[in-house]
Amino acid sequence: MCRYWQRSLLKLLSCSVACVPLFVGHFVNAGQYISPQPLVINQVQTTAVMVEDGLANDDVRQAYFTPIAKKQALVCSLPALKKCIALLPLSLQHQTSFSVANIRRAIGRKSAMVLVAESDSIAGVIIINPAKDMLEQSGAIGLTTYQLPLTNQTKLTLWHEIGHLYNISLQGSVLPYSITEYQHEWLADLYLLWCVAQQYQQLDLVWQQFHRRNLALINDSGNLSHWSAPQLQIVLSHYDVQQLQHFSRYEDFLTAVYPLMPAWSPRDMGEFSSLVQRTFSSVQSLPEYMFWRQPELIQVLTPTLKQLMGKTKSQQWLKKQFSTAK
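Residues numbered from 1 in each chain as written. Predicted model: local features only at pLDDT ≥ 70, side-chain atom pairs only at ≥ 80, totals over all residues. Heavy atoms only, no water.

J.: Mind showing me how you'd approach helix α6 (residues 204-219) here?
T.: The periodicity of an α-helix, 3.6 residues per turn, causes residues three or four places apart in sequence to face the same way. Under the 1.5 Å per step criterion, the end-to-end length of α6 is 22 Å for 16 residues, consistent within 8% with the ideal 22 Å. Burial runs high along α6: 13 of the 16 residues are buried. (Helix = DSSP H or I, 4+ residues; strand = E, 2+ residues; numbered from the N terminus. Expected span 1.5 Å × (residues − 1). Buried < 20%, exposed > 50% of the residue type's maximum accessible area, 1.4 Å probe, protein only.)

This is how it looks when you write it as structure tokens:
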């Protein structure tokens, strides 16, 4: 069962946020986030990329700065971590949470990680591990394992991590001062959605992220803390790509869509987690289990099940598993 609401502070090596006043850095991995003190920024500008001379090659940008509101974030490729961290101001380099050794231990087998900085000029550091670039997402439904091919996932992962920093800059203005760990995760994927709409003429990569989040949940209910599929589905049902492109600034997009999002409590999330566990982990089908939560789960999972199984088979499977399926 997902216990994200029970994790208030985790140690540095768990790659979560360590909200310790003596540290100016806080770790975030693609799902575990606890809000630091809010930063109030009134104006956010569109992200652009500035490559640091001497630390880039033709294939992979090893180190570069990218604007985050009125600050910059340093993006580091893990193989060039030592040289990349050396680009930070000395005041940050000398802090334990920004040490190369601690970052290497914290990232472990993850594909990416964010280290948030409390600085007048640096929003944070994003670490990308190219060795863990995902080419597919897999999950088992019954006795069948399904694979979802992933394209441009490194770019999507980077946008997700940048989204964490952008959303921190909006706390206290567009966003509330206090944001839960789960909200931080789906908000980061909303930033990803906005980036896709700004750079592409279609939303296939957003649907890829939608299916990926659903399939991860199907595979392990512990991934509920990353389950942004409900929020992505809301935006996709209200806007097409042309309408999304009219939001030239991220904060305007967020102002429009944030009020549409569900305000689920820890109890709500616990019920979803229990329903997912019983549906995908139990040998015996329990079609009446948590019938009051079934319609919401069915609505979000249906597009992914159709993608994986086909329309007819997915409908048959849903009717077998849920008493409320039509």
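J.: When you look at the packing of α6 against helix α11 (residues 294-309) in this model, what are you seeing that I'm missing?
T.: If you want to describe how two helices pack, look at the angle between their axes and the distance between the axes. One can describe the packing of α6 onto α11 by two numbers: an axis separation of 9 Å at closest approach and a directional angle of 95°. When the axis of α6 is compared with that of α11, the two are roughly perpendicular. Contact residues: α6 offers Trp207, Phe210, His211, Asn214, Leu215 and Ile218, while α11 offers Val300, Leu301, Pro303, Thr304, Leu305, Gln307 and Leu308. Here the contact of α6 with α11 is built from residues that sort into nine nonpolar, four polar and no charged. (Axes fitted to C-alpha atoms, helices over the stretch in contact; angles between N-to-C directions. Parallel < 35°, antiparallel > 145°, perpendicular 65-115°, else oblique. Contact = heavy atoms within 4.5 Å. Nonpolar A, V, L, I, M, F, W, Y, C, P; charged D, E, K, R; others polar.)

J.: I keep staring at empty space enclosed by the protein and nothing clicks. Help me out?
T.: If a probe as big as a water molecule is rolled over the atoms, it shows which places are left empty. This model, assessed by the stated rule, comprises four cavities of 30 Å³ or more. Size it by volume and the second largest cavity reaches roughly 60 Å³. The wall of the second largest cavity is formed by Ser111, Ile128, Asn129, Pro130, Lys132, Asp133, Met134, Gln153, Thr154 and Thr157. By residue number, the principal contributor to the lining of the second largest cavity is helix α4 (residues 153-169), which donates three residues. (1 Å grid on protein atoms, 1.4 Å probe; cavity = no way out; pocket = protein on both sides within 12 Å on 5 of 7 lines; lining within 4 Å. Points joined across faces, edges and corners; volume = space filled by probe spheres on them.)

J.: For this particular structure, what's the right way to read the packing of aromatic side chains?
T.: In this description, a pair of aromatic rings is defined by centroid distance and the angle of the planes. One pass over the structure, following the stated rule, counts 16 aromatic pairs. Within the aromatic cluster, the residues linked to one another by ring pairs are Tyr166, Tyr191, Trp194, Tyr239, Phe247, Tyr250 and Phe253. When the ring centre of Tyr289 is taken as origin, the NZ or CZ atom of Arg278, which lies over that ring, is 4.7 Å away. Directly above the ring of Phe272 sits Arg293, whose terminal nitrogen or CZ lies 5.0 Å from the centroid. (Phe/Tyr/Trp six-rings, centres within 6.5 Å; stacked < 30°, edge-to-face > 60°. Lys NZ or Arg CZ within 6 Å of the ring centre and 35° of its normal.)

J.: Please explain the pairing of strand β8 (residues 144-149) as it appears in this structure.
T.: Along a regular strand, successive side chains alternate from one face of the sheet to the other. Here six bridges tie strand β7 (residues 136-141) to β8, and the two strands are oriented antiparallel to one another. Within β8, the position partnered with Ser138 by the bridge is Gln147. Counted between consecutive antiparallel strands, the loop separating β7 from β8 contains two residues, among which Gly142 sits at a positive phi close to 65°. (Pairing = 2+ DSSP bridges.)

Shape descriptors only; they carry no functional weight alone.
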